Amino acid sequence: MSTLLTVENLHVSYQRAITALTGVSLSVDSGQIVAILGANGAGKTTTLRAISGFIGLDNARVTQGSIRFDGTELARRPPYQITRQGIALVPERDKVFPNLSVHENLEVVSSRSDGAERARLQDLVYTHFPRLGALKKREAGLLSGGERQMLALGSAIVCAPRLMLIDELSLGLAPVIVEEIVEHLKSIRTDLGLTILLVEQSAAVAFRLAERAFVMEHGGVVLSGSSAELESNDAVRNAYLGTG
Ligand code: ATP
C-alpha cells in the first residue's frame, strides 16, 4: 500500500501568537480510513483545516513543517489549489447550502465534471444514501442533523476526491443514524476506493470505521497504531472509551 498523505512536524499558529499545532506528524496510506482522536482543543480541527488550506480563513498559518500529498507539497497553498489536487473537506459547521435543495447542493459542487460523470457520481450518492434520494427536492436547511451530514458527505463524494477529510463525523447525531452513516461510508469506500482521514470524538465509532488512528494531545500526536492496538491500549481505554 502506498502512502498518499504525509504530514511532518506541522506547526500552526492563530493570530495573537496562539500556537495550536506544535509538530504534528501523521500519514495516511492510499485506500485507508484513518481517524484522529483527542480531547477538546487538542488540535484535530486545525490539522484538517491545515491540510485542506482553510486555516487561512481562520486567520491561522503554517509556520513550520510539511504536508505532502502524492508527492506534491501542499503546506501554505490556498484551498482552491488543494481542492484541485483531489482533497475534499467535510467541515464541522456550515456543511451545506441551506437555501438550496438536496439535489441543487450536489449540482453546485459537482458542476466542474462533465454530464455523464456528474450523473454517475450523483446516482452513487443517492444509491448509497437512499434517504437523500427520497429528499432530492427538500431544502437542505430543513434536513435533520443526520440527513445534513449525509448530504455533506455526498457533496464531497460527487467531487470524486482522492482524499476525503471529515471533521466530526458523529457529533450531535443519534447512535442509530451514526450506525447508518458508518455502514454507508464503508460501502462507498469499497465502491470508490476512497481514502478518508476523519476527526472523531467517539473512539468507539472511530475504531469501528478506521483501520488506523492517531491520538492528539496539546497540538501534537502522542500515540498511533491500528484500531485494534489502540482499542486494547489501557490509556486509550481510560481516556476515550470509559472502560479502563
Ligand atoms: P474540538 O474538539 O474542541 O474542536 P480540536 O482538537 O479540534 O478541539 P482545535 O479546534 O484544532 O482543536 O483547536 C486547537 C487550539 O487552537 C485550541 O487551543 C484552540 O483554542 C485554538 N484555536 C482554534 N481555533 C482558533 C481560532 N479561530 N482563533 C484562535 N485560536 C483558535
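The protein chain appears in an unreviewed UniProt entry as ABC transporter ATP-binding protein from Pararhodobacter marinus. According to the UniProt record, the Sequence similarities (unreviewed entry) comment for the protein chain reads "Belongs to the ABC transporter superfamily."

Turning our eyes to something else, we now look at helix H3 (residues 102–109). Looking only at H3, the buried set comprises Val 102, Asn 105 and Leu 106. Viewed along the axis of H3, the buried residues span an arc of 95°, placing them on a single side of the element. Of the surrounding elements, those touching the buried residues of H3 are helix H4 (115–128), helix H5 (130–134) and helix H6 (145–157).

Taking 1.5 Å of rise per residue, the 13 residues of H6 would be expected to cover 18 Å, and the 18 Å separating its terminal C-alpha atoms lies within 8% of that figure. Burial within H6 is extensive, with eleven of its 13 residues counted as buried. Where H6 is concerned, the buried positions are Gly 146, Glu 147, Gln 149, Met 150, Leu 151, Ala 152, Leu 153, Gly 154, Ser 155, Ala 156 and Ile 157. Elements that come into contact with the buried residues of H6 comprise strand S6 (87–90), H3, H4, H5, strand S7 (163–167) and helix H7 (175–192).

Around the ligand lies a shell formed by Tyr 14, Ile 18, Ala 20, Ala 39, Asn 40, Gly 41, Ala 42, Gly 43, Lys 44, Thr 45, Thr 46 and Glu 168. A distance of 3.3 Å is found between a nitrogen atom of the ligand and a side-chain nitrogen or oxygen belonging to Tyr 14. Gly 43 is positioned such that a nitrogen or oxygen atom in its backbone is 2.9 Å from an oxygen atom of the ligand. Starting from 630 Å² of accessible surface for the ligand in isolation, the protein chains cover 64%. Those elements giving two or more residues to the shell around the ligand turn out to be strand S2 (18–29) and helix H1 (44–52).

The subject of this paragraph is the sheet that holds strand S9 (residues 212–217). Ordered in space as S6-S7-S8-S3-S9-S10, the six strands form an open sheet in which the pairing is mixed. Edge positions in the sheet fall to S6 and strand S10 (220–226), since each of these pairs with one other strand and no more. Between one strand axis and the next, the sheet turns by 15° as a mean value, whatever way the strands run. Where S9 lies against S10, six bridges are found, and the strand directions are antiparallel. Considered in S10, the bridge of Ala 213 is made with Gly 225. Of the strands in this sheet, strand S3 (33–38), S6, S7, strand S8 (195–199) and S9 touch H1, which is tilted by about 150° from S7.

The sheet built from four strands is open, its strands ordered S2-S1-S4-S5 with antiparallel pairing. Among the strands making up the open sheet, the edge pair consists of S2 and strand S5 (72–73). Examined bridge by bridge, strand S4 (residues 60–69) and S5 share two bridges and lie antiparallel to one another. What sits directly across from Arg 68, in S5, is Glu 73. H1 rests against strand S1 (3–14), S2 and S4 of the sheet, and its axis sits at about 110° to S1.

So, on to the confidence of the model for the protein chain. In this model, the protein chain carries an average pLDDT of 92, and 98% of its residues clear a pLDDT of 70 or more. For this predicted complex, the interface score ipTM comes out at 0.93, alongside a pTM of 0.93.

Here the focus is the layout of surface pockets. Taken as a whole, the largest pocket spans an internal volume of roughly 830 Å³. As for the largest pocket, its lining consists of 34 residues, and the residues nearest its centre are Thr 83, Ala 88, Val 109, Ser 155 and Cys 159. Elements that contribute at least two residues to the lining of the largest pocket include exactly H1, helix H2 (79–84), S6, H3 and H6. If you tally residues by element for the lining of the largest pocket, the top one is S6, at four residues. When the residues that make up the lining of the largest pocket are grouped by side-chain class, the tally is 18 nonpolar, nine polar and seven charged.

Let's shift gears to the environment of Met 164. Positionally, Met 164 belongs in strand S7. The buried category is assigned to Met 164, whose relative accessible area is 0%. Taking the C-alpha atoms as reference, Met 164 lies 5.9 Å from Ile 87; in sequence the two are 77 residues apart.

Applying the stated criterion to the full structure yields ten salt bridges. Linking Asp 58 and Arg 49 is a salt bridge whose minimum nitrogen-to-oxygen distance equals 2.7 Å. On the basis of relative accessible area, Asp 58 is assigned to the partly exposed category, the value being 27%. Overall, Arg 49 belongs to the buried group, its relative accessible area being 19%. Across the pair Arg 208 and Glu 179 runs a salt bridge, and its minimum N-O distance is 3.1 Å. With Arg 208 in helix H8 (residues 203–209) and Glu 179 in helix H7, the pair connects residues that are 29 residues apart, well separated along the chain. Put simply, Arg 131, Glu 147 and Glu 180 are held in one network by salt bridges that share partners.

Criteria and thresholds
- Within each chain, residues carry numbers counting from 1 in the order of the written sequence.
- Local features in a predicted model are, by the rule used here, given only for residues with pLDDT of at least 70; side-chain atom pairs are given and counted only at 80 or more, and totals for whole chains, interfaces and linings are based on all residues.
- The side-chain figures draw on all heavy atoms in the structure; neither hydrogens nor water molecules are used.
- UniProt positions are given in the numbering used here, feature names are shortened, and annotations may be inferred rather than shown by experiment.
- Exposure categories follow from relative accessible area, calculated using a 1.4 Å probe and restricted to protein chains: below 20% of the type maximum is buried, above 50% is exposed, and the middle band is partly exposed.
- The secondary structure listing takes helices from DSSP runs of H or I that are at least 4 residues long and strands from runs of E that are at least 2 residues long, numbered from the N terminus.
- Each direction from the helix axis to a C-beta atom contributes to the arc, which is the arc of those directions.
- Between two residues, a contact is recorded if the distance between any of their heavy atoms is within 4.5 Å.
- Expected span of a helix: the number of residues minus one, times 1.5 Å.
- Whether a residue is near a molecule or strand depends on its heavy atoms: if one lies within 4 Å, it is near.
- Distance and chemistry together define a polar contact, namely a pair of N or O atoms within 3.5 Å, with one atom able to donate a hydrogen and the other to accept it when in protein, and with adjacent residues in sequence counting only for side-chain atoms on both sides.
- Shrake-Rupley sampling with a 1.4 Å probe provides the accessible areas, and residues are treated as covered by the protein chains on show and by no other component.
- Here, a strand pair is defined by DSSP locating no fewer than two bridges between the strands.
- Every axis in this analysis is a line fitted to C-alpha atoms, fitted for helices over the stretch in contact. Angles between the N-to-C directions lie between 0 and 180 degrees.
- Confidence scores here are pLDDT values: one per residue, from the predictor, ranging 0 to 100.
- Cavity and pocket criteria rest on a 1 Å grid covering protein atoms alone: a 1.4 Å probe that fits but cannot get out defines a cavity, protein on both sides within 12 Å along at least 5 of 7 lines defines an open pocket, and an atom within 4 Å of a point defines a lining residue.
- Grid points are joined across faces, edges and corners, and a volume is the space filled by probe spheres set on the points.
- Here the term charged refers only to Asp, Glu, Lys and Arg, the term nonpolar to Ala, Val, Leu, Ile, Met, Phe, Trp, Tyr, Cys and Pro, and the term polar to all other amino acids, Gly among them.
- Salt bridges are identified by distance alone: a Lys or Arg side-chain nitrogen within 4 Å of an Asp or Glu carboxyl oxygen.

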